[in-house]
Amino acid sequence: SQIFTNLSRSFEAVPFSEVGSITDADPQIALTYEAGTRYKMDKFEAEFTAYLSKVSDEFVYEETAANSGVFNLTNQDTTHMGIEAALHTNLNDLFDLSTGIDYDLSLSYQFNDFTFDSGTAEGKQIPVISKHVITSQLRVSGEKWKTALTVDWLPDGLYADNLNTLKTSGYALTDLSFEYQLTNALTFNAGVNNLFDKQYASSVTVNPDAGSGYISPGDGRSIYTGFTYTW
């Protein structure tokens, strides 16, 4: 097992692309506290981390008007806090399965509580970031093959404006992958992303106007296949 804690301070100057047009933006400075643990038991591996980051003069980009393509850069104080947790287990060991096939289960969870500490959006959630992110994967493997079923779940969706008046719906995406080792050097792989052809909003463009923003759709179902050769 392992227990750790970190204290870090960071500095970031105004991006070069903004220097010519922005003259009053200050550098961004953050102080971050982090503590967590990692441990490996007989049948489980797990880790847990909690963090708090106080950011002074964070760079905040807003589109000047809906779909204008022109952005302003401002400074606002923010707080980033949350947790990250992960768990992995081999189901063969957990349930004493004596088969020639391995079953591995992995789970991860992120809690993101990012808020504005100043400006007109004080106390509001920072947009574009989902508050909860849950990922699970079941991997099944034999002597020369393996397949994995992965589910990414964002139950809260994304805010599209700093005042939190426009929000996308939550969604879950399922991916399926397969790999077969033909020779020591040649591997065949295939898969399906967004297996159930879910319609969802993958990203948003932040707009200062309440109730407006640019919401981009995510990719539909896609199928891929290929070979990997190593030497």
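See the structure above.
Residues numbered from 1 in each chain as written. Predicted model: local features only at pLDDT ≥ 70, side-chain atom pairs only at ≥ 80, totals over all residues. Heavy atoms only, no water.

1. A closer look at a nonpolar patch on the surface
No. 1: Together, Leu 7, Tyr 33, Leu 52 and Met 81 make up an exposed nonpolar region whose accessible area comes to about 370 Å².
No. 2: Tracing the backbone shows Leu 7 in strand β1 (residues 2-12).
No. 3: In this structure Leu 7 comes out as exposed when scored by relative accessible area, which is 60%. (Patch = residues over 30% accessible without salt bridge, like charges linked within 9 Å, V, L, I, M, F, W, Y side chains within 5 Å. Areas by Shrake-Rupley, 256 points an atom, 1.4 Å probe, with all protein chains shown as cover. Salt bridge = Lys/Arg side-chain N within 4 Å of Asp/Glu carboxyl O. Helix = DSSP H or I, 4+ residues; strand = E, 2+ residues; numbered from the N terminus. Buried < 20%, exposed > 50% of the residue type's maximum accessible area, 1.4 Å probe, protein only.)

2. Examining unusual backbone geometry
No. 1: Despite not being glycine, Asn 164 has its phi angle at roughly 60 degrees, a positive value.
No. 2: Looking at where Asn 164 falls in the secondary structure, it is placed in the loop between β7 (145-154) and β8 (171-181).
No. 3: Under the relative-accessibility criterion, Asn 164 is labelled buried at 17%.
No. 4: The backbone of Asp 197 shows a phi angle near 55 degrees, a positive value even though the residue is not glycine.

3. Some points on the packing of aromatic side chains
Where two aromatic rings form a pair, the distance of their centres and the angle of their planes describe that pair.
No. 1: Counted under the stated rule, the structure contains 3 aromatic pairs.
No. 2: A centroid spacing of 4.6 Å and a plane angle of 35 degrees characterise the contact between Tyr 171 and Tyr 200, whose relative ring orientation is tilted. Of this pair, Tyr 171 sits in strand β8 while Tyr 200 sits in the loop between β9 (186-193) and β10 (201-205), and the two are 29 residues apart along the sequence.
No. 3: For Tyr 171, a relative accessible area of 10% corresponds to the buried category. (Phe/Tyr/Trp six-rings, centres within 6.5 Å; stacked < 30°, edge-to-face > 60°.)

Remember that the coordinates give geometry; whether it matters functionally is a separate question.
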